[in-house]
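Observations on the model geometry
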Amino acid sequence: MTNPRPFNIRIFVAEGMPDGLRLVEKSNWVGLGIICPRGRYSEVKKRKEFSSSGVYILVGQEGEAERPTLYIGEAETVRNRLDSHYAKKDFWQEAIIFTTKGDPLNKAEVQYLEARLVERAQKLKRCQLDNANNPQRPGLSEADEAEVTGYLDEMLSLLPVLGIDAFELKQSCENNMFI
């Protein structure tokens with residue numbers, strides 16, 4: 001995110017457990033973040049939020065590894081993809097999903113978000129990326145790309161608050177510069 005600005009977030013602890021399912025809303029944003037611990041997935045996947053389109057990040061920390069392992073994906077129905085990952089990928093302890101509170105993201109929009117997140121993770125090298133493929137940006141009109149880039153900026157501002165710094169530029173404390 002290039003121009004940090006103050007914002008409010010609202011975290012709904014849906015199950016009454018701080019380490020359970022959490023829904024994250026940000027002021028003046030149509031997006032919805034969902035934080036789902038792997039251990040709760042079987043119980044909460046029936047919720048309507050999981051039937052939406054979106055982009056998701058599977059997060060794992062193996063042993064004493066310095067960097068987290070991430071898998072970045074997209075889906076027209078998040079539940080379907082997470083069901084597959086739940087059965088086939090063991091490394092992740094948490095899924096962070098981004099969808100919307102209103103009109104759903106279309107296929108090209110979620111593909112664009114996935115591609116941009118993978119590009120950023122590869123460039124910054126602050127995580128072990130578990131993705132086997134290298135998703136390509138779909139063709140979007142200039143207006144659509146600007147809109148989805150705005151959505152991405154909002155996501156990127158939330159991720160560090162949610163404990164994911166793999167997409168952040170490192171800031172030097174000595175001279176307050178980004179490196």
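The shown structure was predicted, so the numbers you read here are calculated from the model rather than taken from an experiment.

Right, let's talk about the sheet that holds strand β3 (residues 31-37) for a bit. Pairing in this open sheet of 7 strands is mixed, and the strands run β1-β2-β3-β6-β4-β5-β7 from one edge to the other. Whereas interior strands pair on both sides, the edge strands pair on one side only; in this sheet they are β1 (9-13) and β7 (128-129). Taken together, the 3 bridges between strand β2 (residues 22-26) and β3 define a ladder with antiparallel strand orientation. By the bridge assignment, Val24 is partnered in β3 with Gly33. Where helix α3 (residues 107-124) meets the sheet, it contacts β4 (54-60), β5 (69-75) and β7, and its direction lies at approximately 165° from that of β5. The strands that helix α4 (residues 142-158) touches are β1, β2, β3, β4 and β6 (94-100); relative to β6, the one it contacts most, it runs at about 145°.

Axes are the key here: two packed helices are described by the angle between their axes and the distance separating the axes. It is at 10 Å that the axes of α3 and α4 come closest, and there the two elements cross at 55°. The pairing of α3 with α4 is recorded here as oblique in orientation. The handedness of the crossing between α3 and α4 comes out as right-handed. Contact residues: α3 offers Glu109, Tyr112, Leu113, Arg116, Leu117 and Arg120, while α4 offers Glu145, Val148, Thr149, Tyr151, Leu152, Met155 and Leu156.

Attention now goes to the nonpolar core. Phe98, Leu117 and Phe167 are the most contacted members of the largest nonpolar core, which has 30 residues in total. Listed by contribution, the elements that provide at least two residues to this core are β4, β5, β6, α3 and α4. One finds Val44, Phe50, Ala75 and Leu82 within the second-largest nonpolar core, a separate group that totals 18 residues.

Before going further, it helps to spend a moment on the side chain of Ser157. Note that Ser157 resides in helix α4. Given a relative accessible area of 8%, Ser157 falls into the buried group. Polar contacts involving the side chain of Ser157 include one to the main-chain carbonyl oxygen of Glu154, which spans 2.7 Å.

A separate point is the packing of aromatic side chains. Applying the stated criterion across every chain, the model contains 6 aromatic pairs. Judged by centre distance (5.0 Å) and plane angle (50°), the rings of Trp29 and Tyr151 are tilted. One end of the pair, Trp29, is in the loop between β2 and β3; the other, Tyr151, is in helix α4, and 122 residues separate them in sequence. For the pair Trp29 and Tyr151, a shared accessibility class is recorded, and that class is buried.

Cut-offs used in this document
- Residues numbered from 1 in each chain as written.
- Predicted model: local features only at pLDDT ≥ 70, side-chain atom pairs only at ≥ 80, totals over all residues.
- Heavy atoms only, no water.
- Pairing = 2+ DSSP bridges.
- Helix = DSSP H or I, 4+ residues; strand = E, 2+ residues; numbered from the N terminus.
- Contact = heavy atoms within 4.5 Å.
- Axes fitted to C-alpha atoms, helices over the stretch in contact; angles between N-to-C directions.
- Parallel < 35°, antiparallel > 145°, perpendicular 65-115°, else oblique.
- Left-handed = near helix turned anticlockwise from the far one by under 90°.
- Core = buried A, V, L, I, M, F, W, Y, C linked by side-chain atoms within 4.5 Å.
- Buried < 20%, exposed > 50% of the residue type's maximum accessible area, 1.4 Å probe, protein only.
- Polar contact = N/O pair within 3.5 Å; in protein donor to acceptor, adjacent residues only side chain to side chain.
- Phe/Tyr/Trp six-rings, centres within 6.5 Å; stacked < 30°, edge-to-face > 60°.

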